Each structure stands twice: as C-alpha cells, then as structure tokens.
Amino acid sequence: MHGHQRFGYGVAALLLASSAFHLVVYAVDGGGWAGPVSWRKPILFGFSFGVTLACLVWVTGRLRPVPRRGGWLVGMLGVASFVEVALIGLQRWRGVPSHLNFASPVDAAVSATLAGFAIVGLIPPIVIIAFLAFRGLDAPPSMRLAIRAGMAVLLLSLLSGAALIANGRAIGLPPQATDLSIFGTAGQLKVPHAITLHGLQVLPALAALLTLTAWTERARTRLVALAVAGYGGLVAVSALQAAQGLAPADLTVISGVLLTGSATALAVAGAMTLARLRTGGRTGSPAAASRLNAERTY
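Caption draft 1: The arrangement of helix 2 (residues 40-60) in detail. Counted at 1.5 Å a residue, the expected span for helix 2 with its 21 residues is 30 Å, and the 30 Å between its end C-alpha atoms agrees. By the criterion of burial, helix 2 is predominantly enclosed, with 16 of the 21 residues buried.

Caption draft 2: Molecular detail of the pattern of salt bridges. One pass over the full model with this rule turns up 3 salt bridges. Between Arg220 and Glu217 there is a salt bridge; the shortest N-O distance is 3.3 Å. Taken together, the residues Arg220 and Glu217, both in helix 8 (residues 217-243) and 3 residues apart, mark about one turn of the helix. For the pair formed by Arg220 and Glu217, the shared burial category is buried.

Caption draft 3: Seen up close, a nonpolar patch on the surface. Together, Trp72, Met76, Ile119, Val120, Ile123 and Val127 make up a nonpolar patch on the protein surface, roughly 580 Å² of accessible area in all. Elements with a contribution of two residues or more to the nonpolar patch: helix 3 (70-94) and helix 4 (105-135). The element contributing the most residues to the nonpolar patch is helix 4, with 4 residues. Note on placement: Ile119 falls in helix 4.

Caption draft 4: Broad picture of the packing of aromatic side chains. Inspection of every chain in the model, using the stated rule, returns 3 aromatic pairs. Each ring, one from Phe45 and one from Phe49, has its centre 6.2 Å from the other, and the planes form 20°; the classification is stacked. Remark: Phe49 and Phe45 occur in helix 2; sequence separation between them is 4 residues, near one turn of the helix. Across from the ring centre of Trp39, 3.9 Å away, lies the NZ or CZ of Arg92, which sits over that ring.

Caption draft 5: Examining the side chain of Asn101 more closely. By the secondary structure assignment, Asn101 is in the loop between helix 3 and helix 4. On the basis of relative accessible area, Asn101 is assigned to the buried category, the value being 2%. There is a polar contact of 3.0 Å between the side chain of Asn101 and the backbone oxygen of Pro97. Once you skip the residues sitting within four places of it in the chain, Asn101 turns out to touch Gln91, Val96, Asp107, Ala108, Ser111 and Pro175.

Caption draft 6: Main features of the nonpolar core. Formed by 45 residues in total, the largest nonpolar core has its most connected members in Leu53, Leu56, Leu77, Ile129, Met151, Leu154 and Leu200. Those elements giving two or more residues to this core turn out to be helix 1 (3-29), helix 2, helix 3, helix 4, helix 5 (141-171), helix 7 (199-210), helix 8 and helix 9 (253-279). Looking at this core, the element that brings in the most residues is helix 5, giving 7 residues. Sequence-distant contacts of Leu56, that is, excluding residues within four places in its chain, are made with Leu77, Ile126, Ile129, Met151, Leu154 and Leu200.

Caption draft 7: Examining the packing of helix 5 against helix 8 more closely. Closest axis-to-axis distance for the helix 5/helix 8 pair is 8 Å, and the angle between their directions is 15°. By the angle between their axes, helix 5 is roughly parallel relative to helix 8. Crossing of helix 5 over helix 8 shows right-handed handedness. Residues Pro141, Ser142, Leu145, Ala146, Ala149, Val153 and Leu156 of helix 5 pack against Glu217, Arg220, Thr221, Val224, Ala225, Val228, Tyr231 and Val235 of helix 8. Taken together, the residues that form the contact of helix 5 with helix 8 break down as 11 nonpolar, 2 polar and 2 charged.

Conventions and cut-offs
Residues numbered from 1 in each chain as written. Predicted model: local features only at pLDDT ≥ 70, side-chain atom pairs only at ≥ 80, totals over all residues. Heavy atoms only, no water. Helix = DSSP H or I, 4+ residues; strand = E, 2+ residues; numbered from the N terminus. Expected span 1.5 Å × (residues − 1). Buried < 20%, exposed > 50% of the residue type's maximum accessible area, 1.4 Å probe, protein only. Salt bridge = Lys/Arg side-chain N within 4 Å of Asp/Glu carboxyl O. Patch = residues over 30% accessible without salt bridge, like charges linked within 9 Å, V, L, I, M, F, W, Y side chains within 5 Å. Areas by Shrake-Rupley, 256 points an atom, 1.4 Å probe, with all protein chains shown as cover. Phe/Tyr/Trp six-rings, centres within 6.5 Å; stacked < 30°, edge-to-face > 60°. Lys NZ or Arg CZ within 6 Å of the ring centre and 35° of its normal. Polar contact = N/O pair within 3.5 Å; in protein donor to acceptor, adjacent residues only side chain to side chain. Contact = heavy atoms within 4.5 Å. Core = buried A, V, L, I, M, F, W, Y, C linked by side-chain atoms within 4.5 Å. Axes fitted to C-alpha atoms, helices over the stretch in contact; angles between N-to-C directions. Parallel < 35°, antiparallel > 145°, perpendicular 65-115°, else oblique. Left-handed = near helix turned anticlockwise from the far one by under 90°. Nonpolar A, V, L, I, M, F, W, Y, C, P; charged D, E, K, R; others polar.

As structure tokens, then:
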C-alpha cells in the first residue's frame, strides 16, 4: 500500500470515528434529528464522507495505468473531506447552521470555506478518478461494471449537491427559516443526493460478495448489471419526484411502477447473491474449485 493510500484510509477512519462520536453525543444530548442545527449533520456527513473517501482511495489503487499524480488526487480528497466534516461539526457545536449561513462574519466565512473546498478539493479529483476508471481498471468484468456505475452515479451526486446549493440560494431565506432543500411544493433534493452518493459502496460491495460464489464471471456480471439497473432506477425515481416538487412518498403512477421495478431488481440481485453464498459458495469438486480459482485471478 502506498503512502497516499494509507493517508486516505486514515482520514476516512477519522471521519467515521467522528460520526460514531457524534452519534454517542446525540444519544446523550438528544434533540431533534431534522433541521439545520442537529447532531444529524455531523453524524451523517462524517459517515458519508468517510465511506466515500475510503471507496475512492480503493478505486485509485485499481486504476490502470497507475496515475502519476495519484497521491495528489487522494491528498486533495482527504484534506477537503476533513475540512468539510470538521467545519460542519464545529458549526453544530456552536449551535448554528453550517451551510448557506451568513448571519455573522464567522458563519459567512465557514459557508464560503465549505463551498470553496467542495469546488476545489472534491469535484476535480472525483471527476478525474471517474475518467480514469473508464479508461482502465485492474478488476474482473463484474467489478469493473460495478465501479464504473458507482463512479457515474457519484458524478450525479455532485450535480445534485450543486442543485441543493443553488436551490437554497434561490429561496434566499436563512436556513433557520425554512428547509432549503425543498424544491417546489415538497420536492426533497436531499433524497437524490443521498442515493447517488452511496452507489459506489452498494454496487462494488455486491460485486465483491459475488467473487465468493461459484458462479462464472459471466453470471456475476449479469447479476451486477441487474443491480446497476435497479440502482439507476432508484436514482431516476428520486430525481423525478424532486424535480416535480413532490414528496418522496407522493408517488405518481410512473414513479410507482419505476420504483417497484427498481427495488425488485436490487432485491433479486441481493437475494440471489446471499442465497448462493449460503448454498453454493463452496465448490464440491476439484474441477469446480480449479475453475473458481482461475476466475478469481482473472
């Protein structure tokens, strides 16, 4: 493992530890879970940044050819992620909103810093890693599909995050006055942002579990493709609901059908994988074991 990878994983572990710490604080201190000033923000941001950073570091280790500036990519991501989570935690401890808060010079400086590190330290490395992932990956076809789909969905999370900020600025009210993530009547922009943020964990995790089964690589790739279609459908439903100004649960006929099909595809992919792990993860013959070992080193 290279030094920049150890750095990236170390920062990710620190962010996850921060999330766990604030979860304990929330359990002791209580208070509401929703709202611009709650322990939810350092908990969820610490977790999301931590797992996303760890996944991005893992992806950079599989890029082929190896990027000559891989250390800079991971370094920028690590520093920016740490600053984002630290400032969000700081604002919660101060008892004020973290984003789009211009109530005082300090709050305005924090909001500007959050935006600046996102624009400079997060977006460019993620875009570059996604581009390199589509050029070459040291992984079997099923994992390549999972990583590339996860990176594509992560790029959409950047757009949904920008939409959140733009919507908040368009509303023009302080974050204490209203939910700045609401679009139209009840569209919730946080939902597509959350779903797109975590595709890079869900899809490669499924592909990794499939490597423990005795299925052929072709079968694994097909199952990952089914999961990708299902996850993409969930992204589409969440974005469609938000764009129409509808609450996540206020489904139209089209959204309902798409949600049912997408959830079914994901559930089938997950259930088949888990069932195979329980019943067919072990090979019963030397020939099957030899075939499985050859596929794992493919």
